[in-house]
Amino acid sequence: MTAVHVINGPNLNLLGRREPAVYGHETLADLEARSREVAAGLGLDLDFRQSNHEGELVDWLQECGADVAAGRSVGAVLNAGALTHTSVALRDAVVGAEVPLVEVHLSNVHAREPFRHHSYLSPVARGVVVGLGPLGYELGIRALAGATGGAA
Ligand code: DQA
């Protein structure tokens, strides 16, 4: 069965108790359950992961790219957390491994501190969803599932 990857970066394991005014009350487990339901409805398996370590995220993006090349995955929804704003390595992994990518942020990063306004990932993503909370994950999964080689 084809999968969709959902990859979460640093500190997203703290969702639910981390700055709830910014990130809401849903936990990462809640997000995973919701994502699994959406993926299942689209006939996709869900590969849902979280890491606080940049190198591990690079490895997972490369794995995802290999799965896409083999027809085993439709691509990745990535919430890279703070690494969005700092990591050339994640951007290079997306490009190098040819990962169809939807970048997601729970919060509206453009309404926050200026250092959150720049993303190394947006220029290499098929699409970007910010500020819509958990719905962003759902939209990202749906976009990748519907990808035909054009938009997302
Ligand atoms: C985030 C936004 C980032 O700026 C922040 O560092 C996060 C979460 C979001 O989902 O809104 O860790 O990616």
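The rules behind the values
- Residues numbered from 1 in each chain as written.
- Predicted model: local features only at pLDDT ≥ 70, side-chain atom pairs only at ≥ 80, totals over all residues.
- Heavy atoms only, no water.
- Axes fitted to C-alpha atoms, helices over the stretch in contact; angles between N-to-C directions.
- Helix = DSSP H or I, 4+ residues; strand = E, 2+ residues; numbered from the N terminus.
- Parallel < 35°, antiparallel > 145°, perpendicular 65-115°, else oblique.
- Contact = heavy atoms within 4.5 Å.
- Nonpolar A, V, L, I, M, F, W, Y, C, P; charged D, E, K, R; others polar.
- Left-handed = near helix turned anticlockwise from the far one by under 90°.
- Buried < 20%, exposed > 50% of the residue type's maximum accessible area, 1.4 Å probe, protein only.
- Near = heavy atom within 4 Å.
- Polar contact = N/O pair within 3.5 Å; in protein donor to acceptor, adjacent residues only side chain to side chain.
- Areas by Shrake-Rupley, 256 points an atom, 1.4 Å probe, with all protein chains shown as cover.
- Expected span 1.5 Å × (residues − 1).

### Some points on the packing of helix 3 (residues 54–69) against helix 4 (residues 88–96)
Thinking step 1. Two numbers describe how helix 3 lies on helix 4: the axes approach to 9 Å, and their chain directions differ by 10°. Between helix 3 and helix 4, the angle is such that the two are roughly parallel. Contact residues: E54, L57, V58 and L61 in helix 3; A89, L90, A93 and V94 in helix 4.
Thinking step 2. Tallied by class, the residues present in the contact of helix 3 with helix 4 amount to seven nonpolar, no polar and one charged.

### Examining the packing of helix 2 (residues 28–41) against helix 5 (residues 135–145)
Thinking step 1. Orientation of helix 2 relative to helix 5, taken along the N-to-C sense of each, is 30°, at an axis distance of 10 Å. If you check the angle between helix 2 and helix 5, you find them roughly parallel. Judged by the twist between their axes, the crossing of helix 2 over helix 5 is right-handed. Residues L31, R34, S35, V38 and A39 of helix 2 form the contact with helix 5, whose participating residues are L135, Y137, E138, I141 and R142.
Thinking step 2. Taken together, the residues that form the contact of helix 2 with helix 5 break down as six nonpolar, one polar and three charged.

### Considerations on helix 5
Thinking step 1. When helix 5 is considered as a whole, its buried residues turn out to be G136, Y137, E138, G140, I141 and L144.
Thinking step 2. On its buried face, helix 5 sits against strand 1 (3–8), helix 2, strand 2 (45–50), strand 3 (73–79), strand 4 (101–105) and strand 5 (127–130).

### Side note on the site of the ligand
Thinking step 1. Neighbouring residues of the ligand: R18, Y23, N79, G81, A82, H85, H105, L106, S107, V109 and R116.
Thinking step 2. Residue N79 places a side-chain N or O atom 2.7 Å away from an oxygen atom belonging to the ligand.
Thinking step 3. The backbone of A82 places a nitrogen or oxygen atom 3.1 Å from an oxygen atom of the ligand.
Thinking step 4. Within the complex, 99% of the 330 Å² of free accessible area of the ligand lies under protein.

### Looking at helix 3
Thinking step 1. The first and last C-alpha atoms of helix 3 sit 23 Å apart over 16 residues, in line with the 22 Å expected at 1.5 Å per residue.
Thinking step 2. Taken together, the buried positions of helix 3 are occupied by L57, V58, W60, L61, C64, G65 and D67.
Thinking step 3. Looking at the buried side of helix 3, the elements it contacts are strand 1, strand 2, strand 3, helix 4 and strand 4.
Thinking step 4. Positive backbone phi, approximately 80°, marks G71, located one or two places after helix 3.

### Digging into the environment of N79
Thinking step 1. Position of N79 relative to the elements: it lies in strand 3.
Thinking step 2. Judged by relative accessible area, N79 falls into the buried class, the value being 4%.
Thinking step 3. Separated by 13 residues in sequence, N79 and D92 have C-alpha atoms that sit 16 Å apart.
Thinking step 4. With residues near it in sequence (within four places) discarded, N79 still touches I7, N8, G9, L12, V104, H105, L106 and Y137.
Thinking step 5. In this structure the side chain of N79 is engaged in a polar contact, spanning 3.0 Å, whose partner is the backbone nitrogen of G81.

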